[in-house]
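One-letter residues, chain by chain:
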Amino acid sequence: MDRARLSILAVCALLTTTLNPFGEQPTSVSAANTLAYDASLPVVSAAPPVDAKNAQIDTIASHADHSLIGKMASALAHTEAEAAAKRDAEEVAVILRRLSIRHTALPERERIALAHAIVREARAHNLEPSLVVSVIEVESAGYHLAVSHVGAMGLMQLLPSTGEELAGKHGIEWYGPDTLFDPEVNVKLGTAYLRQLTDQFGSVSTALAAYNWGPGRIGRRIKRGATVPSLYIEQVRAAQSRNTTLASIRS
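Residues numbered from 1 in each chain as written. Predicted model: local features only at pLDDT ≥ 70, side-chain atom pairs only at ≥ 80, totals over all residues. Heavy atoms only, no water.

S.K.: Explain the pattern of salt bridges to me, using residue names and the numbers behind them.
M.R.: Throughout the structure, instances matching the rule amount to 6 salt bridges. The partner of Arg-120 in a salt bridge is Glu-184, with the nearest N and O atoms 3.6 Å apart. Of this pair, Arg-120 sits in helix 4 (residues 108-124) while Glu-184 sits in helix 7 (residues 183-201), and the two are 64 residues apart along the sequence. A cluster of three or more residues bridged by salt bridges with shared partners is formed by Asp-88, Glu-91 and Arg-123. (Salt bridge = Lys/Arg side-chain N within 4 Å of Asp/Glu carboxyl O. Helix = DSSP H or I, 4+ residues; strand = E, 2+ residues; numbered from the N terminus.)

S.K.: Break down helix 8 (residues 204-213) for me, with residues and values.
M.R.: Thr-206, Ala-207, Leu-208, Ala-209, Ala-210 and Tyr-211 are the residues of helix 8 that are buried. With its phi angle positive at about 105°, Gly-214 sits one or two positions after the end of helix 8. (Buried < 20%, exposed > 50% of the residue type's maximum accessible area, 1.4 Å probe, protein only.)

S.K.: Which residues make up helix 7, and what values go with them?
M.R.: Here helix 7 is 19 residues long and its end C-alpha atoms lie 27 Å apart, about the 27 Å a rise of 1.5 Å per residue gives. Its side-chain oxygen at 3.1 Å from the backbone nitrogen of Glu-184, Asp-182 defines the N-terminal cap of helix 7. After helix 7 finishes, the residue Gly-202 shows a positive phi value of roughly 85°. (Expected span 1.5 Å × (residues − 1). Polar contact = N/O pair within 3.5 Å; in protein donor to acceptor, adjacent residues only side chain to side chain.)

S.K.: Talk me through the confidence of the model for the protein chain; I want residue IDs and the actual numbers.
M.R.: Counting all residues, the mean pLDDT for the protein chain is 80, and 70% of those residues have values of 70 or more. Taken element by element, the predicted model of the protein chain shows its lowest mean pLDDT in helix 2 (residues 29-37) (42) and its highest in helix 7 (98). Across residues 8-12, confidence stays below pLDDT 50; counting only partners more than four residues off in sequence or on other chains, it has 1 contact. Below pLDDT 50 for its whole length, residues 14-45 participates in 10 contacts with residues either more than four positions away or in separate chains. (pLDDT = per-residue confidence, 0-100. Contact = heavy atoms within 4.5 Å.)

S.K.: Outline the nonpolar core, supporting the account with residue identities and numerical values.
M.R.: In terms of nonpolar packing, the biggest core is built from 39 residues, with Ile-118, Val-135, Leu-189, Leu-194, Leu-208 and Tyr-211 touching the most fellow members. Among the secondary structure elements, those contributing two or more residues to this core are helix 3 (52-101), helix 4, helix 5 (129-140), helix 6 (160-170), helix 7, helix 8 and helix 10 (231-250). Counting residues per element, this core draws most heavily on helix 7, at 7 residues. (Core = buried A, V, L, I, M, F, W, Y, C linked by side-chain atoms within 4.5 Å.)

Structure representation (structure tokens):
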């Protein structure tokens, strides 16, 4: 048999024993039977082909999307952090202006530290810095050594018993009533107390009344249906309004 005839027979045999090279199912019954007849080969159910190239492209695109999203989130966080820092710097400047009007008896370096502490503690307790500094203005006029006729002490006029309890609760070192004369510690304790009262009574206004009158007295008034005293609330809100006006003038 010549070489040409052998080549033709080999091609015919190949076509009858293999699948279509383009990935289609065999159309020839003899080809399917030939595969099934060979007991040495496992019978595998036909499955749709996988486009590996497209899968690879999808994977690359997915990684690119995640990378882009990550970069966008990072840029957004950076922008928000910058905006927050700018806002806090403006708050500090306004507070320093308010403190300069008062006779705080603090040197400039300590006034700056106090202004930063007010903003920091207000943010930590989800309160407006203008509210905290307004309480300071109404309570002590910014004088960090102030003592009331009932024994309340410092910038935010806390009773030693209240201060000691708050210090223990928040892990702040307590070395006696004079602790309340430390401006930054007093602000930490007073702001934490105002947050506690706000959570207890459900509103800042009622918390302000409780801060001034005592939570027990305000709680009893509310229980018997009496109105909440408003004078102190109005005083603090008026001071806060002045702070807001000053901030708008600066901007």
